[in-house]
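# Overview (structure and organization)
In case you want the letters, here they are:
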Amino acid sequence: MKFEDYDFSLLNESDIREEIIAPLLRYLGYRSGTSANIIREQSLRYPRVFLGRKDTKKDPELRGRADYICEVDSSVRWIIEAKPPVDITLNDIEQSYTYANHPGVRAVYFCLINGLQVKIYQTNQGPDALPLLEVNYEKLDENFSRIQNVIGPDAIRRDHPRIEPDIGEPIGKGLRSIVRVTSGSVVFTSSNVSLPILEELTLTISGGSVERNENQHLIAYLQSQMPFRSMNELNTKLGLDRFELVSTEMNLSSNSLKPTLFTEVTNTVLPAGDTVFDPYNWKPLRLLRNISYRTETQAEGILTERRFHGAFRLKYQLLDFNQTIDAQGKFELHLA
């Protein structure tokens, strides 16, 4: 895009609207009657600063009105005030803020454009705060992407998502009724077999969630990843790349004396002819017969703010060989 060169001494406020603001809004992706809508010079049903006050001395009349209200998906608004090409004053900023902050508008940003400058303010920071972004007109082309990253329709959707109130029973203190596992780790510290890798192994938790099942008991869905490709492939074959741990509790405990216990039991058969990673010899192993596994997992922990952490125990039972690998360690999950 290319903004034209103007002699601003020849322009007035109406010119700023037509020659500067209108093209800028088109470049940003705003059009009247679309999901990125433009409302021009909207009057308010109650043109005062507050709502419901009967004393007009304490409820001053709103000064002016916004030239443009930009509305994304009929839910999030920001406004533009056009000014003549002279210095923007504190009075101009306060007037624009008063309109943006009005209960009938509720704009997340207010923007003042006098042709010479584009100034964007965050409404909830008040009129005395510094601009969130300030760009001189001669630098408008090279800084357009920065402006778009604040007030473009996609940026508005990204930074101001529509959040539905969660009226369900919280999973734990400060959490929603369903929580997302953003990251985590499982650190192995000891085992009953001479397998050094188990004493150095850290399993990455890449995602998941904590919810409630039909019995209103907690259930944790976790996705895991090993640091080595061969071990990761073995884990996938054993069904250990995903966990589905269940608790008899309804909430995550924050009491260290009463931690929340999760358990899972799985049974897996590796078919004859399959090739798996042998952690003892660190090389591929072709199976000559079916191998039956039973895995028992226990994880016991407490909630500290948005971190669920504690100790775990993982038992691999090779049923055909009557052999058990019993490993212990610690874990932590970060919740959102």
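Structure's up top.
### Quick look at the overall build of the protein chain
When its secondary structure is counted, the protein chain shows six helices and 16 strands. On C-alpha atoms alone, the protein chain measures out to a radius of gyration of 30 Å, which is more than a quarter above the 20 Å that the 2.2 N^0.38 rule sets for 336 residues. For the protein chain, with 336 residues in total, the buried portion stands at 44%. Sequence separation of at least 24 residues holds for 55% of the intrachain contacts in the protein chain that already meet a minimum separation of 6. Surface accessibility of the protein chain: about 18600 Å² in total, with carbon and sulfur atoms responsible for 47%. Of the charged side chains in the protein chain, 39 are positive and 45 negative, and the gap between their average positions amounts to 4 Å.

### Brief notes about the nonpolar core
Core analysis: the largest hydrophobic core is formed by 44 residues, its most contacted members being F188, L198, V210, L252, F308, L333 and L335. With sequence-adjacent residues up to four places away left out, L333 is seen in contact with V181, S183, G184, I205, L222, R306, R307 and F308. The next biggest cluster of nonpolar side chains, apart from the first, holds 33 residues, and it includes F8, Y30, V72 and L133.

### Here we look at the pattern of salt bridges
The tally for this structure, following the rule as stated, stands at 12 salt bridges. One salt bridge connects R176 with D166, and the closest N-O pair in it is separated by 3.9 Å. Here R176, found in the loop between α4 (153-159) and β7 (179-191), pairs with D166, found in the loop between α4 and β7; they are 10 residues apart in sequence, far enough to count as distant. For R176, a relative accessible area of 39% translates into the label partly exposed. In this structure D166 comes out as partly exposed when scored by relative accessible area, which is 30%. The residue E332 makes a salt bridge to R307 at a minimum N-O spacing of 3.2 Å. Here R307 lies in strand β15 (residues 307-318) and E332 lies in strand β16 (residues 323-335), a separation of 25 residues in the sequence.

Conventions we followed
- Residues numbered from 1 in each chain as written.
- Predicted model: local features only at pLDDT ≥ 70, side-chain atom pairs only at ≥ 80, totals over all residues.
- Heavy atoms only, no water.
- Helix = DSSP H or I, 4+ residues; strand = E, 2+ residues; numbered from the N terminus.
- Rg over C-alpha atoms; globule rule 2.2 N^0.38 Å.
- Buried < 20%, exposed > 50% of the residue type's maximum accessible area, 1.4 Å probe, protein only.
- Contact = heavy atoms within 4.5 Å.
- Areas by Shrake-Rupley, 256 points an atom, 1.4 Å probe, with all protein chains shown as cover.
- Lys, Arg positive; Asp, Glu negative; His and termini not counted.
- Charge placed at Lys NZ, Arg CZ, Asp CG, Glu CD.
- Core = buried A, V, L, I, M, F, W, Y, C linked by side-chain atoms within 4.5 Å.
- Salt bridge = Lys/Arg side-chain N within 4 Å of Asp/Glu carboxyl O.

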